[in-house]
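So the chains spell out like this:
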Amino acid sequence: MFKSDQEPNYVKTLQGIANAIEALKNEFPQLKDFSASENLDQKRLVISYQFHTHEPERRVGWTGGVPNPDDDGIWFYIDFHEPGSMAQIHTQPVTIPLAFGKKRVSFLILEGQKTKRVGAYMMNILKKQGIQQRELGE
């Protein structure tokens, strides 16, 4: 952990998250192509992954702007970003408020109808890495 007046190492934390997701590959077939080194963008502070997806059928809401999973697929996006970011992916009204250090955390996931659900496992990974469910300033 880090002291509240000290900025955490965001890249190191995302690397830990990516490594933990990669460790789930044997248990969740939809993660078989996930690679911590390939799916983590250290400069942008983003982990993103898609497996067996297609273009969205509807163009409404955030799900209309990202790949949608086939029945056996998955799409997810995790990032650390500035609290005032106005990027469309950061301005979604119905998300869990997550924070780490002085940054907001986005965790968006779409899972196929016939996949073994991995979302709760991923949320636990985030919590173990110090991501907290809170608004910034709390």
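Here we summarise the structure given alongside this text. For clarity, every value in this text was computed on a predicted model and none was experimentally measured.

Here the focus is the pattern of salt bridges. In this structure the tally under the stated criterion is 4 salt bridges. A salt bridge links Lys116 to Glu27; the shortest N-O distance between them is 3.2 Å. With Lys116 in the loop between strand 5 (103-111) and helix 3 (119-128) and Glu27 in the loop between helix 1 (10-22) and helix 2 (36-39), this residue pair connects regions lying 89 residues apart in the sequence. The class for Glu27 is partly exposed, based on a relative accessible area of 37%.

The next thing to look at is the sheet that holds strand 3 (residues 68-81). Two strands in a sheet stick together by hydrogen bonds in their backbones, pointing the same way (parallel) or opposite ways (antiparallel). The 6 strands lie next to each other as 1-2-3-5-4-6, forming an open sheet whose pairing is antiparallel. The outermost strands of the open sheet, each flanked by one partner alone, are strand 1 (40-41) and strand 6 (132-133). Note: strand 4 (residues 98-100) against strand 5, 3 bridges, orientation antiparallel. Bridging across to strand 5, Leu98 finds its partner in Val105.

Inspection of the entire model under this criterion finds 8 aromatic pairs. Ring geometry for Phe34 against Tyr49: centres 5.4 Å apart, planes inclined by 75°, an arrangement best described as edge-to-face. Residue Phe34 is found in the loop between helix 1 and helix 2, and its partner Tyr49 is found in strand 2 (residues 46-54); the two are separated by 15 residues along the sequence. On the accessibility criterion, Phe34 (0% relative accessible area) is buried. Under the relative-accessibility criterion, Tyr49 is labelled buried at 4%. Centre to centre, the rings of Tyr49 and Phe76 are 5.6 Å apart; their planes meet at 40°, and the pair counts as tilted. Of this pair, Tyr49 sits in strand 2 while Phe76 sits in strand 3, placing them 27 residues apart in sequence. Overall, the relative accessible area of 0% leaves Phe76 in the buried class.

Here we take up helix 3. When we look at burial in helix 3, the residues that qualify are Gly119, Met122, Met123, Ile125 and Leu126. Mapping the buried residues of helix 3 onto a view down its axis gives an arc of 155°, with all of them on the same face. Seen from the buried face of helix 3, the exposed residues on the opposite side, beyond 90 degrees, are Ala120 and Lys128. Buried positions along helix 3 lie against helix 1, strand 3, strand 4 and strand 5. Trailing helix 3 by a residue or two, Gly130 shows a phi angle of about 100°, which is positive.

Here is what the cut-offs are and how they apply
Residues numbered from 1 in each chain as written. Predicted model: local features only at pLDDT ≥ 70, side-chain atom pairs only at ≥ 80, totals over all residues. Heavy atoms only, no water. Salt bridge = Lys/Arg side-chain N within 4 Å of Asp/Glu carboxyl O. Helix = DSSP H or I, 4+ residues; strand = E, 2+ residues; numbered from the N terminus. Buried < 20%, exposed > 50% of the residue type's maximum accessible area, 1.4 Å probe, protein only. Pairing = 2+ DSSP bridges. Phe/Tyr/Trp six-rings, centres within 6.5 Å; stacked < 30°, edge-to-face > 60°. Arc of directions from axis to C-beta. Contact = heavy atoms within 4.5 Å.

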